[in-house]
Amino acid sequence: MSSPPPAARQKATPIRRIAHLDMDAFFASVELLRYPQLKGLPVVVGGGRRRLEELIGGLPPDTPLDRIPVSAFPRLADYTGRGVITTATYPARQFGIGSAMGMMKAAKLCPQALMLPTDFDEYRRYSRAFKKIVTDIAPLMQDRGVDEVYIDFTEVPGGQREGGRVLARLIQKSIFDATGLTCSIGVAPNKLLAKMASEFDKPNGITVLYAHELAERIWPLPVSKVNGIGPKAEAKMAGLGLHTIGDLAKCEPAWLVQRFGKAYGAWLHEVAWGRDDRPVETESEPVSMSRETTFERDLHAVRDKAELGAIFTHLCEKVAEDLQRKGYVGRTIGVKLRYADFRIATRDQSLEFYTADAKLIRRTAGLALKRVPLDRPLRLLGVRVGALVKAGSAEAQAPVRRSGSRPPAAPAGPVTASLF
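A few points on the structure.

Rules used throughout
- Residues numbered from 1 in each chain as written.
- Predicted model: local features only at pLDDT ≥ 70, side-chain atom pairs only at ≥ 80, totals over all residues.
- Heavy atoms only, no water.
- Salt bridge = Lys/Arg side-chain N within 4 Å of Asp/Glu carboxyl O.
- Phe/Tyr/Trp six-rings, centres within 6.5 Å; stacked < 30°, edge-to-face > 60°.
- Helix = DSSP H or I, 4+ residues; strand = E, 2+ residues; numbered from the N terminus.
- Buried < 20%, exposed > 50% of the residue type's maximum accessible area, 1.4 Å probe, protein only.
- Lys NZ or Arg CZ within 6 Å of the ring centre and 35° of its normal.
- Core = buried A, V, L, I, M, F, W, Y, C linked by side-chain atoms within 4.5 Å.
- Pairing = 2+ DSSP bridges.

## Comments concerning the pattern of salt bridges
- The tally for this structure, following the rule as stated, stands at 26 salt bridges.
- Counted as one network, the salt bridges with shared partners bring together D121, R124, R291, K318, E321, D322 and R325.

Right, here's the structure in full:
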């Protein structure tokens, strides 16, 4: 009996290949594009909103950025304040410096490290650029933040060659050629393993992890390498003699459920065996957008009214820009304050229509601010717009129906003088 013609043969199901792409020391790498003279040196990014020109004195105003002498950059040894590190270059990380570490603490570890202020607008610009490159090559991409994405290689041309390495190499090269930035990519059967694999060969590395390599390459890792096992869970596991992912894999599911709860215990068993069926979700609608900032020093609504007012307006304008750029409007405007004693207060104010207008967001946020105590020093201020819908959608055009009492409408004039 003759075999069926090629067209009639069933096409083999491709092996599932998911990639996790992580930009290498992203914020610091973007800064090094502007200041190439700092490459190879310990550099930290963070500490506040001040521009570099404010931190560097005595230079002609037209000095090219790449010609600023290394000796002119501020050093951690001279830092005073309570700022935290956003990121650090790899030479700085060798001293034990990491993200979210206090800069005063970091100064003790590496006083010679150079400091650069954060520039989130620039980081977002590069973030959009590298993600556009990814989706042009492999459209099934899930955004996971400013510097990382998941990508489904399964059906993409080249996605099966060398286990996905060929496609990963193309994406990596395309990003570098267009931006000058490097990234590390892990390719594995699922998102769980791909994220771990992307850490294996940093920076600028590619790691392909196959299902049969679980025991060899994943089980020896500490449990903290699993995204979802935090410090508290890790400490509890250590008390039970569970230090590696392999230790977890040896446990019976019922034993884990008994000690960690039904859902978390069952999940621990699954991840220890490298199981993860989560899809790469290309469409993830945001429920809100926000901007916030922590001050270099405590600010008071009376003594520092002008400074707080300018910051407040800037935050509202940036949230509006985010909404407009991404094509959303919202109707719930909120404020967030963190006081000097670290207590947090939040208030929301809802509109009867959707907006992405900076002035209206500013006025409405001011109304929410009226309901927050402003008699104590502040260390953080934030603005949030929630209840988002797509701009131009039918929902965005229709009036909002309410039940019960109606909140006060946003005033037509400026915010009252009692508020900053």
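## Some points on the packing of aromatic side chains
- This structure, assessed with the given rule, holds nine aromatic pairs.
- Centre to centre, the rings of Y35 and F73 are 5.5 Å apart; their planes meet at 80°, and the pair counts as edge-to-face. On the criterion of sequence distance, the pair formed by Y35 in the loop between α1 (26–34) and β2 (43–46) and F73 in the loop between α2 (52–55) and β3 (85–88) is long-range, its members being 38 residues apart.
- By relative accessible area, Y35 is classed as buried at 5%.
- Judged by its relative accessible area of 3%, F73 is buried.
- Three or more aromatic residues link up through ring pairs in this structure, and these residues are F26, F27, F120, Y123 and F130.
- The residue whose ring lies beneath R93 is Y90, and the NZ or CZ to ring-centre distance is 4.7 Å.
- Above the plane of the ring of F260 lies K236, whose end atom (NZ or CZ) is 4.8 Å from the centre.

## Here's the deal with the nonpolar core
- The biggest cluster of nonpolar side chains holds 39 residues, and the ones touching the most others in it are L21, I151, I171 and I175.
- If you look at the next biggest cluster of nonpolar residues, it comprises 36 residues, including I333, V335, I361 and V372.

## Regarding the pairing of strand β10 (residues 328–339)
- With ten of its twelve residues buried, β10 lies for the most part within the structure.
- Examined bridge by bridge, β10 and strand β13 (residues 389–390) share two bridges and lie antiparallel to one another. Bridging from a neighbouring strand, Y328 pairs with K390 of β13.
- With eight bridges joining them, β10 and strand β11 (residues 344–355) adopt antiparallel strand pairing. Within the sheet, the bridge partner assigned to T332 lies in β11 and is S350.

Function cannot be read off these values alone, since they describe shape.
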